[in-house]
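Geometric and topological summary
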Amino acid sequence: MLSEAIKKLVQYGISTGLTPECERIYTTNLLLDCFSEEEYVDIDCDLDHIVLEEVLNQLLEEAVERNLIDDNIVSRDLFDTKLMNCLMPRPAQVQQEFWNRYKTSPKEATDYFYKLSQDSDYIRRYRVCKDQKWTVNTDYGVLDITINLSKPEKDPKAIAAARNAKASSYPNCLLCMENEGYAGRTNHPARHNHRIMPITVNDSDWGFQYSPYVYYNEHCIVFNGQHVPMKIEKNTFRKLFDFVKLFPHYFLGSNADLPIVGGSILSHDHFQGGNYTFAMAKAPFLKEFTIAGFEDVKAGIVKWPLSVIRLQGTDETRIIELADHILKAWRGYTDESSFIFSETDGQPHNTITPIARMHGDLYELDLTLRNNITTKEHPLGVYHPHAKLHHIKKENIGLIEVMGLAVLPARLKTEMELLAEYLLEGKDIRSNETLEKHADWVEEFLPQYDHLNAQNVHSILQQEIGKVFCQVLEDAGVYKCNEDGLTAFQKFIDIL
């Protein structure tokens, strides 16, 4: 019954702190209006065990029955986001509460904001928890593996509706300030319940928000208030440290600014961060060195599958100066013997993926050297997952993967379940069109296991997927973490 579901949703808002008790009636009336309903009956019901997903599903079914929305995932998401906004405080109230808590500590402020972003259903906990996560031990440390299942699959009708939707340039992209409170449409997600925290970075207006898909703890996005493209430059390092100084318990990193080695949205300047320690941050120095004129900054090569220079010091301005020096040197660096070309046919190839954090009392900046050159043998990129690994990971290696977290496609869930069945029953993997691409891989690792059974098959597959991801990262390294690679790496360091 509609009245009961509305009563439960309002109580959820009050219990989580989204809605003050004094707004119970007001919020009830806002929700009634969403259904064009003029009547309300205050029904006795259990208000102590409210499950948000269940209450929203009841309200969505009611909306479908009343022909208020189409019965597909896109229409449902647009509508339930509208419902959740009825519970939400206004942006100014959220900002005031955030900065009041910041006076106590930056962590108290982000704890509040992160909880609000989840309670509001902007971060859909009941979807995020579907992601499959595990770890794998490697020579470089413990890597994180996740199969992303939190993005809902669109049905054919929803896909067709999005394709036929009127083109719009508002908001300009998914990272623009104009998304806050936006109702959404079939080809743009609803952001009614979305709140952005304005911050100042490098003396300019930026936004701070959380990712709705939270690949790791408190996964946040920090984005330019203006719709300007990604660019790795000296100011990038300033921006990263400005944020880290504001929130020293968070790291912040940037995707590279070139295709293949960059992020999915190169058109809008943004960073990603959070309250999580990746394997990369735990990796030790493999070799330390000193750059003339920067003797006060500790520098070294990190023991990591990608090629990383780590800078540490007590003065972030000195780290920024040295990082800029390294960036400029790398932009123009060519070493044909190592197949590193700064440009070909006028197309630049060298860039950097930087990550800033606090390391105790020290400022720390990791500079991951990237190159996006392609060849006939490797049309997707020489320093990109090679073809033999595409059955597991074909997508670009962006910031999150660089740090040691694999974000793998949802297809792997069903493929690994089917593969486990084939292995246990001794079926021919090559006979199955879906599994055929995994056959060579299975033939490589299977002889290493004497006993394969229902109890261990899934953990074996997980560990082997993790090993593939480690190879993916090694492919993305411009200098391999071996004697020849380190010798070539030293040639670049010698010119600094």
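Residues numbered from 1 in each chain as written. Predicted model: local features only at pLDDT ≥ 70, side-chain atom pairs only at ≥ 80, totals over all residues. Heavy atoms only, no water.

Our focus in this paragraph is the nonpolar core. Core analysis: the largest hydrophobic core is formed by 92 residues, its most contacted members being Leu 9, Phe 208, Leu 311, Tyr 479 and Phe 492. Sort the elements by how many residues they give to this core and helix H11 (residues 316-331) lands first, with eight residues. Setting aside residues up to four positions removed in sequence, Tyr 479 forms contacts with Pro 305, Ser 307, Trp 330, Tyr 333, Ser 338, Ile 340, Leu 369, Gly 485, Ala 488, Phe 489 and Phe 492. By size, the runner-up hydrophobic cluster in this structure holds 52 residues, among which are Ala 406, Leu 408, Cys 470 and Ala 476. (Core = buried A, V, L, I, M, F, W, Y, C linked by side-chain atoms within 4.5 Å. Buried < 20%, exposed > 50% of the residue type's maximum accessible area, 1.4 Å probe, protein only. Helix = DSSP H or I, 4+ residues; strand = E, 2+ residues; numbered from the N terminus. Contact = heavy atoms within 4.5 Å.)

With respect to the helices, strands and loops of the structure, Ala 406 is situated in strand S15 (residues 405-408). Sequence spacing of Ala 406 and Lys 393 is 13 residues, and the spatial spacing of their C-alpha atoms is 8.7 Å. Apart from residues lying up to four places away in sequence, Ala 406 is in contact with Asp 144, Ile 145, Thr 146, Glu 401 and Phe 469.

It is worth spelling out the pattern of salt bridges at this point. The final tally for this structure, using the stated rule, is 40 salt bridges. A salt bridge links Arg 76 to Asp 71; the nearest nitrogen and oxygen atoms lie 3.0 Å apart. Look at Asp 71 and you get exposed, because its relative accessible area is 52%. The residue Asp 269 makes a salt bridge to Lys 239 at a minimum N-O spacing of 3.2 Å. Of this pair, Asp 269 sits in the loop between strand S6 (251-253) and strand S7 (270-274) while Lys 239 sits in helix H9 (residues 234-246), placing them 30 residues apart in sequence. Here Asp 269 falls in the buried class, since its relative accessible area comes to 5%. On the basis of relative accessible area, Lys 239 is assigned to the buried category, the value being 9%. Look at the salt bridges and you will find they share partners, linking Asp 77, Asp 80, Asp 121, Arg 124 and Arg 127 into a network. (Salt bridge = Lys/Arg side-chain N within 4 Å of Asp/Glu carboxyl O.)

Spatial ordering of the open sheet is given by S3-S4-S5-S7-S6-S13-S14-S10-S9-S8, a layout of 10 strands whose pairing is antiparallel. Among the strands making up the open sheet, the edge pair consists of strand S3 (197-201) and strand S8 (285-289). Adjacent strand axes in the sheet meet at a mean angle of 25 degrees when their direction is disregarded. Taken strand by strand, helix H5 (residues 91-102) contacts S3 and strand S4 (204-210), and its axis lies near 55 degrees from that of S3. (Pairing = 2+ DSSP bridges. Axes fitted to C-alpha atoms, helices over the stretch in contact; angles between N-to-C directions.)

Time to look at the side chain of Asp 144. As for its position among the elements, Asp 144 is in strand S2 (residues 141-147). It turns out Asp 144 is buried and unbridged, and the closest side chain with the opposite charge, Lys 282, is 7.0 Å from it. Of the polar contacts made by the side chain of Asp 144, one reaches the side chain of Tyr 276; its length is 2.9 Å. If we ignore the near neighbours within four places in the chain, the residues touching Asp 144 are Trp 134, Thr 135, Tyr 276, Phe 278, Gly 404, Leu 405, Ala 406 and Phe 469. (Lys, Arg positive; Asp, Glu negative; His and termini not counted. Polar contact = N/O pair within 3.5 Å; in protein donor to acceptor, adjacent residues only side chain to side chain.)

All right, on to unusual backbone geometry then. Comment: phi is negative for the bulk of residues other than glycine, and the bulk of peptide bonds are trans. The omega torsion across Tyr 170 and Pro 171 is -15 degrees, close enough to zero to call that bond cis. Take Pro 171: it is sitting in the loop between helix H8 (156-164) and S3. A positive phi angle, near 50 degrees, is found at Asn 202, a position not held by glycine. If you trace the backbone, Asn 202 turns up in the loop between S3 and S4.

Once that is clear, we can look at helix H16 (residues 483-494). Taking 1.5 Å as the rise per residue, H16 with 12 residues should run 16 Å; its terminal C-alpha atoms sit 16 Å apart, in good agreement. Of the surrounding secondary structure, the elements contacted by the buried residues of H16 are S8, strand S9 (298-302), strand S10 (308-313), H11 and strand S14 (362-371). Between the side-chain oxygen at the start of H16 and the backbone nitrogen of Asp 484 there is a gap of 3.3 Å, and the oxygen is on Asn 482. (Expected span 1.5 Å × (residues − 1).)

Our focus in this paragraph is the packing of aromatic side chains. Using the criterion set out here, one finds 34 aromatic pairs in the structure. Aromatic pair Tyr 276 and Phe 278: ring centres 4.8 Å apart, planes at 80 degrees, arrangement edge-to-face. The partly exposed category is assigned to Tyr 276, whose relative accessible area is 30%. Owing to a relative accessible area of 3%, Phe 278 belongs among the buried residues under this scheme. (Phe/Tyr/Trp six-rings, centres within 6.5 Å; stacked < 30°, edge-to-face > 60°.)

In this section: helix H6 (residues 106-119). Helical periodicity: at 3.6 residues per turn, an α-helix aligns residues three or four positions apart in one direction. A rise of 1.5 Å per residue sets the reference length of H6, with its 14 residues, at 20 Å; its end C-alpha atoms lie 20 Å apart and thus fit the reference within 8%. Where H6 is concerned, the buried positions are Ala 109, Thr 110, Tyr 112, Phe 113, Tyr 114, Leu 116, Ser 117, Gln 118 and Asp 119. Looking one or two residues beyond H6, the residue adopting positive phi is Asp 121, at roughly 75 degrees.

Taken in spatial order, the three strands line up as S1-S2-S15 in an open sheet, and their pairing is mixed. Edge strands, defined here as strands with exactly one partner in the open sheet, are strand S1 (132-138) and S15. Neighbour-to-neighbour, the strand axes of this sheet turn through a mean angle of 20 degrees, independent of strand direction. The sheet contacts of helix H15 (residues 457-476) involve S1, S2 and S15, and relative to S1 the element is tilted by about 65 degrees.

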